[in-house]
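As a plain string of letters, each chain reads:
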Amino acid sequence: MLKEQVAVITGAGRGIGAEIAKALAQNHANIVIVDYSALDAVQDTIAEIKALGVTVQYYQCDVSNFQKTKEVVDSIVKEFGKIDILVNNAGITADKILLRMEESDWDRVLNINLKGSFNMTKHTTTHMMRKKYGRIVNISSVVALMGNVGQANYVASKAGLIGLTKTVAKEFGGKNITVNAIAPGYIKTAMTDALSEEVRNSMLKMVPLGYLGEVKDIANAVLFLVSPSARYITGVTLKVDGGMYI
Ligand code: NAP
């Protein structure tokens, strides 16, 4: 389905991003991973994708660095000639109630989750415009829609990402570039493994389907949004949350 396409996924060294990269590779897209980790830490993910018979390229890059992301995007375009798909997935948490939250907690989360997506989107759309084709998917969160105690920085970054999605969708619709967001609920990854048993159980009580999501649930949603079946969908936020926010 995605043969000959070039997909750039940030934060794809592990977790949800790695699963998205594998799902796109299974559909024959060539994959570019942009991640903060050193190459050694992402070797397993790269090997799994290579085994699917596509080209995989890796760039170590902090997405919050404007200049570095420009260099990375330019070098991807130099090597592959284009970027068809961009998934802004890299994200972190630094949870504290507002009374205890430091300025540095706020800046770090906003810089990676929101500015990082701005950086990658700004540099990539320049090239997508010329080809008159692009599919951008931003990984937000269901907490962007409902708020969450202890996550003022994270929720603000993920709500900002929804605003960015809608605006870029309007600005680039005429260039055949669609821009959508996914709002995952509670998905089993290292990010959520860090939560206490108590928090995990209380979150589970909020999920009508009664079980936690898996990385493949998010990867499947990305796959749909970048597929020809979704060509008339832009500016939406697709909740993939087991009904957590109804
Ligand atoms: P994860 O397991 O913590 O993986 C995050 C990935 O992002 C890691 O590979 C990490 O690299 C990379 N990363 C972090 N900072 C970066 C930076 N500055 N530049 C480039 N890459 C960076 O997280 P996850 O659970 O898969 O989450 C993926 C996305 O889904 C995030 O945006 C998250 O907010 C969102 N999300 C997750 C859930 C959930 O329940 N898990 C729910 C809603 C939304 P390192 O390995 O070097 O740290």
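Residues numbered from 1 in each chain as written. Predicted model: local features only at pLDDT ≥ 70, side-chain atom pairs only at ≥ 80, totals over all residues. Heavy atoms only, no water.

Close to the ligand lie 28 residues, the nearest being D35, S37, N89, Y154 and T189. Between a nitrogen atom of the ligand and a main-chain N or O atom of C61, the distance comes to 3.4 Å. For the ligand, whose unbound accessible area comes to 900 Å², protein coverage reaches 92%. Mapped by element, the contributors of at least two residues to the shell around the ligand are α1 (15-26), α6 (152-172) and α7 (190-193). (Near = heavy atom within 4 Å. Polar contact = N/O pair within 3.5 Å; in protein donor to acceptor, adjacent residues only side chain to side chain. Areas by Shrake-Rupley, 256 points an atom, 1.4 Å probe, with all protein chains shown as cover. Helix = DSSP H or I, 4+ residues; strand = E, 2+ residues; numbered from the N terminus.)

Moving on, we get to the environment of I136. Considering the arrangement of structural elements, one finds I136 in strand β5 (residues 134-139). Judged by relative accessible area, which is 1%, I136 ranks as buried. C-alpha of I136 to C-alpha of P208: the two residues are 72 residues apart in sequence and 29 Å apart in space. I136 has contacts with L86, N88, T121, T125, M128, I177, T178, V179 and N180, leaving out every residue within four places of it along the chain. (Buried < 20%, exposed > 50% of the residue type's maximum accessible area, 1.4 Å probe, protein only. Contact = heavy atoms within 4.5 Å.)

Here helix α4 (residues 103-131) is 29 residues long and its end C-alpha atoms lie 41 Å apart, about the 42 Å a rise of 1.5 Å per residue gives. Most pronounced at N111, the bend in α4 amounts to some 40°. Positive phi appears at K132, one or two residues downstream of α4, with a value of about 55°. (Expected span 1.5 Å × (residues − 1). Bend = angle between axes of the 7 residues up to and from the residue.)

We now examine the side chain of S141. Among the secondary structure elements, S141 is positioned in the loop between β5 and α5 (143-146). Side-chain polar atoms of S141 contact the backbone nitrogen of V143, separated by 3.2 Å. Other than its neighbours up to four places away in sequence, S141 contacts Y154, K158, I182, A183 and P184.

This part is about a nonpolar patch on the surface. Together, L145, M146, M206 and Y245 make up a nonpolar patch on the protein surface, roughly 300 Å² of accessible area in all. Looking at the secondary structure, you find L145 in helix α5. (Patch = residues over 30% accessible without salt bridge, like charges linked within 9 Å, V, L, I, M, F, W, Y side chains within 5 Å. Salt bridge = Lys/Arg side-chain N within 4 Å of Asp/Glu carboxyl O.)

Attention now goes to unusual backbone geometry. Even without being glycine, K132 reaches a positive phi, approximately 55°. Following the sequence through the fold, K132 ends up in the loop between α4 and β5. Given the relative accessible area of 48%, K132 is considered partly exposed. Not every positive phi belongs to a glycine, and N176 is a case in point at roughly 65°. Among the secondary structure elements, N176 is positioned in the loop between α6 and β6 (177-184). When its relative accessible area of 37% is taken as the criterion, N176 is described as partly exposed.

Let us look at the pattern of salt bridges. A complete count under the given rule lists six salt bridges for this structure. A salt bridge links K70 to D74; the shortest N-O distance between them is 2.7 Å. Of this pair, K70 and D74 both sit in helix α3 (residues 66-80), four residues apart, which is roughly one turn of that helix. A relative accessible area of 34% means that K70 is categorised as partly exposed. Looking at D74, the relative accessible area reads 30%, which means it is partly exposed. As a salt-bridge pair, R200 and E197 come within 3.6 Å of each other at their nearest N and O atoms. Here R200 and its partner E197 are both found in helix α8 (residues 197-204), three residues apart, which amounts to about one turn of the helix. The partly exposed category is assigned to R200, whose relative accessible area is 22%.

Further remarks concern the packing of aromatic side chains. Taken as a whole and assessed by the stated rule, the structure comprises one aromatic pair. With a centroid separation of 6.3 Å and an interplanar angle of 25°, the aromatic rings of F66 and F118 are classed as stacked. Of this pair, F66 sits in helix α3 while F118 sits in helix α4; the two residues are 52 residues apart in sequence, bridging distant segments of the chain. (Phe/Tyr/Trp six-rings, centres within 6.5 Å; stacked < 30°, edge-to-face > 60°.)

So, about the side chain of T45. Secondary-structure assignment places T45 in helix α2 (residues 43-50). The contacts of T45, once residues within four sequence positions are left out, are A12, G13, A18 and I33.

Turning our attention to the pairing of strand β3 (residues 56-60). Within a regular beta strand, the side chains point alternately toward one face of the sheet and then the other, so they alternate between its two faces. Where strand β2 (residues 30-35) and β3 come together, five bridges link them in parallel fashion. Looking at the pairing, I33 lines up with Y58 of β3. Regarding the hand of the β-α-β motif, the stretch spanning β2, α2 and β3 is right-handed. (Pairing = 2+ DSSP bridges. Right-handed = clockwise from strand over helix to strand, strands pointing away.)

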